[in-house]
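Residues per chain, in single letters:
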Amino acid sequence: MAHDFQVLDSELIFDAPIVAVRRDTLSMPGGNTADREIIEHLGAVAVVALDEDRRIAMVHQYRHSVGKRLWELPAGLLDVKGEDELSGAQRELQEEAGLAAKDWEVLTDMVTSPGFCEEAVRIFLARDLSEVPALHDTGDEEADMDFAWVDLDQAVDRVLSGEIVNSVACAGILSAYATVIGGKPTRSVDAPFDLRPTHMAARRSGPDLKKQ
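Before going into details, it helps to say that this report is about the structure given with it. (Residues numbered from 1 in each chain as written. Predicted model: local features only at pLDDT ≥ 70, side-chain atom pairs only at ≥ 80, totals over all residues. Heavy atoms only, no water.)

1. Observations regarding a negative patch on the surface
Point 1. Where like charges cluster on the molecular surface, the negative patch consists of E52, D53, D103 and D128.
Point 2. With respect to the helices and strands, the residue D53 is situated in the loop between β4 (44-49) and β5 (55-63).
Point 3. With relative accessibility at 53%, the residue D53 sits in the exposed group. (Patch = residues over 30% accessible without salt bridge, like charges linked within 9 Å, V, L, I, M, F, W, Y side chains within 5 Å. Areas by Shrake-Rupley, 256 points an atom, 1.4 Å probe, with all protein chains shown as cover. Salt bridge = Lys/Arg side-chain N within 4 Å of Asp/Glu carboxyl O. Lys, Arg positive; Asp, Glu negative; His and termini not counted. Charge placed at Lys NZ, Arg CZ, Asp CG, Glu CD. Helix = DSSP H or I, 4+ residues; strand = E, 2+ residues; numbered from the N terminus. Buried < 20%, exposed > 50% of the residue type's maximum accessible area, 1.4 Å probe, protein only.)

Written out as structure tokens, the structure reads:
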């Protein structure tokens, strides 16, 4: 019979605008206990925006954790109180790419690093695109962001060659290829996103969940 890993105690260690760290004490098999440090997160969305020529909208953004600019999908935090995943994805697509889409589907959900972080990302496929005025609620990093259309086949090649390394972009590109070229099914935008983190959002009451 599978063991029930019950949380016996929980302590908030660090609380910052975008991430927090808590320590949970768990009941372990054999009657022991163990501590696990978990990075809390607000959750995120990303968009594979695919045009009629099978090109993907991508952004080139500096990521200080690796000290490099990475090719990524339009994406962002679910940091607006009460915002559903689709609305968040539509907002991010307009903010980062100046695009809107009429056709939305769920490609995949992913947990980026389950060994220590609760971050979960829902990746959408957006089609029937049109240009719209870009939203300008952006920070310093977004001001340095570049934009490009990348052919879907070339994007797959760049994932396999190690040129595209952002995990969300890799998952989104390969899922889109499986759907568009391989005929694999997508899911409705109404599909439950059970993995969406809740700890940070539950502690914060304002409209901007990045504010403590």
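2. Let's talk about the side chain of E96
Point 1. Of note, E96 is situated in helix α1 (residues 85-97).
Point 2. Buried charged residue E96 carries no salt bridge. Nearest counter-charge: R63, at 6.3 Å.
Point 3. A polar side-chain atom of E96 sits 3.2 Å from the main-chain amide nitrogen of A75.
Point 4. Residues within four places of E96 in sequence aside, it is in contact with V59, L73, P74, A75, M145 and F147. (Polar contact = N/O pair within 3.5 Å; in protein donor to acceptor, adjacent residues only side chain to side chain. Contact = heavy atoms within 4.5 Å.)

3. Observations concerning the packing of aromatic side chains
What characterises a pair of aromatic rings is the spacing of the ring centres plus the angle enclosed by the ring planes.
Point 1. Evaluated as defined, the whole model comprises two aromatic pairs.
Point 2. Ring centres 5.9 Å apart and planes at 80° place the aromatic pair W104 and F124 in the edge-to-face group. Here the residue W104 occupies a position in strand β8 (residues 99-111), and F124 occupies one in strand β9 (residues 120-131), the gap between them amounting to 20 residues. Here W104 and F124 have matching classes, each one buried.
Point 3. With centroids separated by 5.6 Å and ring planes inclined at 85°, the aromatic side chains of F147 and W149 adopt a geometry described as edge-to-face.
Point 4. The class of F147 is partly exposed, set by a relative accessible area of 36%.
Point 5. It is R158 that lies over the ring of W71; its NZ or CZ is 5.3 Å from the centre. (Phe/Tyr/Trp six-rings, centres within 6.5 Å; stacked < 30°, edge-to-face > 60°. Lys NZ or Arg CZ within 6 Å of the ring centre and 35° of its normal.)

4. Some details on the packing of helix α3 (residues 152-161) against helix α4 (residues 167-180)
Point 1. At a closest axis distance of 10 Å, the pairing of α3 and α4 adopts a crossing angle of 135°. Taken together, the axes of α3 and α4 are oblique relative to one another. The interaxial crossing formed by α3 with α4 has left-handed handedness. Every residue of α4 that contacts α3 at L152, D153, A155, V156 and V159 is listed here: C170, I173, L174, A176, Y177 and V180. (Axes fitted to C-alpha atoms, helices over the stretch in contact; angles between N-to-C directions. Parallel < 35°, antiparallel > 145°, perpendicular 65-115°, else oblique. Left-handed = near helix turned anticlockwise from the far one by under 90°.)

5. Some thoughts on the sheet that holds β9
Point 1. A sheet is described by the order of its strands in space; here four strands give the open sequence β7-β4-β9-β8, paired in mixed fashion. In the strand order of this sheet, the two ends are held by β7 (75-77) and β8, each with one partner. For this sheet, the mean angle separating the axes of adjacent strands, direction not counted, is 25°.
Point 2. The pairing of β8 with β9 spans eleven bridges and is antiparallel. Across the sheet, V111 pairs through a bridge with A120, a residue of β9.
Point 3. Across the sheet, α1 touches β4, β7, β8 and β9, and the angle it forms with β8 is around 115°.
Point 4. α4 contacts β4, β8 and β9 of the sheet and is inclined by roughly 110° relative to β8. (Pairing = 2+ DSSP bridges.)

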